[in-house]
Amino acid sequence: LVICEGEMNAASIWQVAHTTNLDVLSVGSESTTITDKMIEYAAQYRVRIVWMDKQEVAQRVGARFTALAVRSPTIGEREYDANALLMAGNLGGFLTMLRARACATNEEKMRLYFDLVEGALAGGLDPATAGVAVQIAERIGVATTLAPCEDGLWRAG
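Everything numeric here is computed off the predicted structure, so don't read it as measured data.

Considerations on the overall build of the protein chain
Next up, step 1: In terms of regular secondary structure, the protein chain is built from seven helices and eight strands.
Next up, step 2: Against the globule reference of 15 Å for 157 residues, the protein chain gives a C-alpha radius of gyration of 15 Å, in line with a compact fold.
Next up, step 3: Projected onto the principal axes, the alpha-carbon positions of the protein chain cover approximately 45 × 35 × 25 Å.
Next up, step 4: A total of 157 residues make up the protein chain; the buried ones form 44% of that total.
Next up, step 5: Total accessible area computed for the protein chain in this model is approximately 8,100 Å², and 53% of it derives from carbon and sulfur atoms.
Next up, step 6: Computing the positive centroid from 14 side-chain charges and the negative centroid from 19, the protein chain places the two 5 Å apart.

Right under this line is the structure:
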C-alpha cells in the first residue's frame, strides 16, 4: 500500500501500478489528520509505504502507519511528486524501487516479483518498472521471463 498526499498523486500511482497488486490511499494534504480508520485500513497490508512531499511529514505520517517513509525526490531545483514522475516516464521504476526497499525478506521480494509478473501478464510493464523487476529476480535467484516487446512494454513470455 502506498499512502500519499493528494488525489492526483494517488491517481498517478494507481494508473502505473494497479495491475501489479499495488494499492494506494490518499490522505489528502500534509495537514490532514490521520484517523484510526485509516490506520486500521492500512494495517491489513504487509508492506506500507508513506510518500509525502516533505521529509518531516513523511516521517510523522510513516510513524503513524508503521511504514517506510519517503519524500518526493528532488532533481536539481525541481521536486518530483507522483504526477511529475508519471509525466517524465519514471513513476513505475520509482515505485518498484520503493516497494523493493520496503521488502524486509527474500520471501517478500519474491512476492513482489510475482506481483510484477502479474502486471506484465495483464498488459505489460513500462521499461523502468521492468528494469527493477529484472534486478529483483537476479537478487533472489529467479530466472525471469520478462522481455521487451515491439510496443515498448515488457511482458512475461
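Quick notes on the side chain of T20
Next up, step 1: As for its position among the elements, T20 is in the loop between α1 (7-17) and β2 (24-26).
Next up, step 2: At a separation of 2.8 Å, a polar atom in the side chain of T20 contacts the side chain of R99.
Next up, step 3: Ignoring any residue separated from it by four or fewer positions in sequence, one finds T20 in contact with R99, D115, L116, G119 and L125.

Some remarks on the nonpolar core
Next up, step 1: Formed by 18 residues in total, the largest nonpolar core has its most connected members in V2, I13, W51 and L95.
Next up, step 2: Put simply, the parts of the chain that give this core at least two residues each are β1 (2-4), α1, β3 (49-52), α4 (82-88) and α5 (91-102).
Next up, step 3: Per-element tally for this core: the top contributor is α5, with five residues.
Next up, step 4: If we ignore the near neighbours within four places in the chain, the residues touching I13 are V2, C4, H18, L22, V24, W51, A82, L91 and L95.

The rules behind the values
Numbering of residues starts from 1 in every chain and runs along the sequence as written. Given that this is a predicted model, residues contribute local features only at a pLDDT of at least 70 and side-chain atom pairs are listed and counted only at 80 or more, while totals for whole chains, interfaces and linings are drawn from all residues. Hydrogens and water molecules were not included; the side-chain quantities draw on all heavy atoms of the structure. A run of DSSP states H or I qualifies as a helix once it reaches four residues; a run of E qualifies as a strand once it reaches two. Both are numbered from the N-terminal end. Note that the radius of gyration is over C-alpha atoms, with the globule rule given as 2.2 Å times the number of residues to the power 0.38. Buried residues are those whose accessible area, probed at 1.4 Å on protein chains only, stays under 20% of the maximum for their type, while exposed residues exceed 50% and partly exposed ones sit between those limits. All accessibility values rest on the Shrake-Rupley procedure with a 1.4 Å probe; residue burial counts only the protein chains present in the view. In this tally, Asp and Glu contribute negative charge and Lys and Arg positive charge; neither His nor the terminal groups of the chain are included. A charged residue contributes its charge at one atom only: NZ of Lys, CZ of Arg, CG of Asp or CD of Glu. The definition of a polar contact used here is a pair of N or O atoms within 3.5 Å, where within protein one atom must be able to donate a hydrogen and the other to accept one, and adjacent residues in sequence count solely through side-chain atom pairs. Here a residue-residue contact requires only that any non-hydrogen atoms of the pair lie within 4.5 Å. The criterion is simple. A nonpolar core is a set of buried Ala, Val, Leu, Ile, Met, Phe, Trp, Tyr and Cys residues joined through side-chain atoms within 4.5 Å.

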